[in-house]
Amino acid sequence: VFSSVMWTLSTIAEIGSTIYVGGKFTQVEIAATGQRNNQPFLAAFDRATGAWIDTFRPAVNGNVWSLAATADGRLIVGGQFTNINGAANTTGVAMLDATTGAVDPTWRVNLTLTGSNDRPIARALDIAGDQLYIGGNFTRITGTNGNTSNAGRIARVTVSTGNVDGSFLPDIDGIVFDIDATTDRVYAVGNFFYVNGTWSIGMAPLQPGNGQLVPNLQPWVRTYVANTRNSYQQGIL
């Protein structure tokens, strides 16, 4: 029995025998019967059969853009939502129990976008060791301990605690679409011109220790429309 989501799928993660999908959708359809079930923005399916897992029913109130699986089998969700399951301080990012869909009560990361009526967005998540990198469109980030830091659309928190790592807070002047983090570099791409005040259009190779651009690299050069944001990078690996 195979199932599908109705509308747009943005991200996939795998934990054990379960596949999680997030995006801009409102329903899951059972292909064999045509039955549609309301399950907006985030759903789970059996890896072997494709069957929808109807016991995983988190209530997300906005698009899910990115998913990340932790080493201990929890699911981190990033997107354009103000809460999951009505839990406080889950704007843009939340950690869920991968079986029940419940919000982890001991872990909180909350995003804010100042000077705008738009919702903050966590567009990209990437885990490297015990560090979670978050990119998108936000200007402040608050961790589990309640401490808030100004952020230029990218930040790092500790996976185990959810606390913000203040040593990595680069300033990127546009939306971050994707991140790929390694032990010695953090690559971010998106729709931006400057990183920490330095021209670095669309792509930023960052030092994980301090959030500064990696020095002494050849400049990243590509064709673009001058003085517009019509040219940008969607993904990095």
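First, a word on what this report is: a plain description of the structure on this page. (Residues numbered from 1 in each chain as written. Predicted model: local features only at pLDDT ≥ 70, side-chain atom pairs only at ≥ 80, totals over all residues. Heavy atoms only, no water.)

Across its full length, the protein carries 0 helices and 18 strands. Taken over C-alpha atoms, the radius of gyration comes to 18 Å for the protein, in line with the 18 Å a tight globule of 237 residues would show. For the protein, restricting intrachain contacts to residue pairs at least 6 apart in sequence, the fraction spanning at least 24 positions comes to 41%. For the protein, the computed accessible surface area is about 11,000 Å², with 48% contributed by carbon and sulfur atoms. The protein carries 14 positive and 16 negative side-chain charges, and their two centres are separated by 8 Å. (Helix = DSSP H or I, 4+ residues; strand = E, 2+ residues; numbered from the N terminus. Rg over C-alpha atoms; globule rule 2.2 N^0.38 Å. Contact = heavy atoms within 4.5 Å. Areas by Shrake-Rupley, 256 points an atom, 1.4 Å probe, with all protein chains shown as cover. Lys, Arg positive; Asp, Glu negative; His and termini not counted. Charge placed at Lys NZ, Arg CZ, Asp CG, Glu CD.)

Our focus in this paragraph is the pattern of salt bridges. Summed over all chains, the structure comprises 5 salt bridges. A salt bridge links Arg47 to Glu14; its shortest N-O distance comes to 2.6 Å. In this pair, Arg47 is assigned in the loop between strand S4 (42-46) and strand S5 (64-69) and Glu14 in strand S1 (residues 3-15), connecting sequence segments 33 residues apart. Classification of Arg47 by relative accessible area gives exposed; the value is 54%. The partner of Arg156 in a salt bridge is Asp165, with the nearest N and O atoms 2.7 Å apart. You'll find Arg156 and Asp165 in the same group, each marked buried. (Salt bridge = Lys/Arg side-chain N within 4 Å of Asp/Glu carboxyl O. Buried < 20%, exposed > 50% of the residue type's maximum accessible area, 1.4 Å probe, protein only.)

Let us now look at the sheet that holds S5. Reading across the sheet, the 3 strands line up as S5-S6-S7 and stay open at both edges, with antiparallel pairing between neighbours. In the strand order of this sheet, the two ends are held by S5 and strand S7 (93-97), each with one partner. Across the sheet, the axes of successive neighbouring strands diverge by a mean angle of 25°, strand direction being ignored. Where S5 and strand S6 (residues 74-79) come together, 5 bridges link them in antiparallel fashion. Its bridge partner lying in S6, Leu67 is registered against Val77. (Pairing = 2+ DSSP bridges. Axes fitted to C-alpha atoms, helices over the stretch in contact; angles between N-to-C directions.)

Let us look at the sheet that holds strand S18 (residues 203-206). Pairing is antiparallel across the open sheet formed by 3 strands, whose spatial order is S14-S15-S18. A single partner strand is all that each edge strand has here, and the edge strands are strand S14 (175-181) and S18. Neighbour-to-neighbour, the strand axes of the sheet open up by a mean angle of 20°, direction not taken into account.

Each aromatic ring pair is specified by the distance between its two centres and by the angle formed by the two planes. In the structure shown here, the tally under the stated rule is 5 aromatic pairs. With centroids separated by 5.2 Å and ring planes inclined at 85°, the aromatic side chains of Tyr133 and Phe168 adopt a geometry described as edge-to-face. Of the two residues, Tyr133 sits in strand S10 (residues 131-137) while Phe168 sits in the loop between strand S13 (154-158) and S14, which places them 35 residues apart along the sequence. The class of Tyr133 is buried, set by a relative accessible area of 0%. Summarising the aromatic geometry, the rings of Phe193 and Trp199 are spaced 5.5 Å apart at their centres and angled 25° between planes, so their arrangement reads as stacked. Classification of Phe193 as buried rests on a relative accessible area of 14%. Trp199 gets classed as partly exposed once you look at its relative accessible area, which sits at 43%. (Phe/Tyr/Trp six-rings, centres within 6.5 Å; stacked < 30°, edge-to-face > 60°.)

So, on to the environment of Tyr194. Relative to the helices and strands, Tyr194 resides in strand S16 (residues 194-195). The spacing of Tyr194 and Gly78 is 116 residues in sequence and 24 Å in space, taken between C-alpha atoms. Tyr194 has contacts with Asp171, Ile172, Asp173, Trp199 and Ser200, leaving out every residue within four places of it along the chain.

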